[in-house]
Amino acid sequence: MRWRGRRNRSFRTRLRAFQEMRGENPDPGFIADLEFLENRDLDLSVRLGGLLAFNALAITIGTHPISASPGAPLSLDAVTQPALTIASIVGIAPLILSSFLCLRALLLGEEFDSDGLEKADGLRQRLFAAFTYSIDAQARLLTAAVRWTIAGGALTLVVWGWILAAKML
């Protein structure tokens, strides 16, 4: 995370800037642009929330060999099968990283700095820049989270195959 001097992180700064912009009658183009950005932000939030829920389920499923009752096809005994137990844990590590990336993206806020701006046009431009930056950052984190989820799923399947092969041979 980059620190650029001391910034006021309070939402009040954004509210005051928005109230200043609203003081003039906003043109329909501004309203349309703002609605477009808000819809894109909501779309990303829904996708991130969905992937986070999927990761939680996949992590639970990935721990199944460790927590399965003895005798189950995918059950592991940590004492007699340490390599498979460790591999099972390693297999879900990318899913945990993906969950972290989803949470980071969901908690990402729009950094908004209104210092030195009193006119509505400048505030609008800065508001759009902050919104666009946060959307781009969320999209990058979502892309990375999807890749880590795929890697974690693939590793988990490989470990399951290894467990089943060890039990059948």
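Residues numbered from 1 in each chain as written. Predicted model: local features only at pLDDT ≥ 70, side-chain atom pairs only at ≥ 80, totals over all residues. Heavy atoms only, no water.

J.: Quick question: what am I supposed to make of the side chain of Thr85 here?
T.: Here Thr85 shows up in helix H4 (residues 82-107). Residue class for Thr85 comes out buried when judged on its relative accessible area of 11%. With sequence-adjacent residues up to four places away left out, Thr85 is seen in contact with Ile66, Leu76, Asp77 and Ala78. (Helix = DSSP H or I, 4+ residues; strand = E, 2+ residues; numbered from the N terminus. Buried < 20%, exposed > 50% of the residue type's maximum accessible area, 1.4 Å probe, protein only. Contact = heavy atoms within 4.5 Å.)

J.: It is not clear to me how H4 should be interpreted in this structure. Could you clarify?
T.: Note on helix geometry: an α-helix contains 3.6 residues per turn, so any two residues three or four positions apart are oriented the same way. Helix length check: H4, at 26 residues, gives a terminal C-alpha distance of 37 Å against a target of 38 Å (1.5 Å per residue), a fit within 8%. Along H4, the sharpest kink reaches roughly 25°, centred on Ala93 and followed within four residues by the proline Pro94. (Expected span 1.5 Å × (residues − 1). Bend = angle between axes of the 7 residues up to and from the residue.)

J.: Sorry if this is basic, but what is going on with the environment of Ser88 here?
T.: Structurally, Ser88 can be placed in helix H4. What makes Ser88 buried here is its relative accessible area of 4%. If sequence neighbours within four positions are ignored, Ser88 has contacts with Gly62, Pro65, Ile66, Leu76 and Val159.

J.: Quick question: what am I supposed to make of the pattern of salt bridges here?
T.: Side-chain pairs of opposite charge can arise whenever the charged atoms involved come near each other. In this structure the tally under the stated criterion is two salt bridges. A salt bridge links Arg40 to Asp43; the shortest N-O distance between them is 3.1 Å. Separated by three residues within a single helix, Arg40 and Asp43 lie in helix H2 (residues 28-62), roughly one turn from each other. Here Asp43 makes a salt bridge to Arg47, at a shortest N to O gap of 3.3 Å. (Salt bridge = Lys/Arg side-chain N within 4 Å of Asp/Glu carboxyl O.)

J.: I'm lost on the side chain of Thr149 in this one. Help?
T.: Its place among the elements puts Thr149 in helix H5 (residues 120-168). The class for Thr149 is buried, based on a relative accessible area of 8%. There is a polar contact of 2.9 Å between the side chain of Thr149 and the side chain of Asn55. Beyond its immediate stretch of four places on either side in the chain, Thr149 contacts Leu51, Phe54, Asn55, Leu95 and Ser98. (Polar contact = N/O pair within 3.5 Å; in protein donor to acceptor, adjacent residues only side chain to side chain.)

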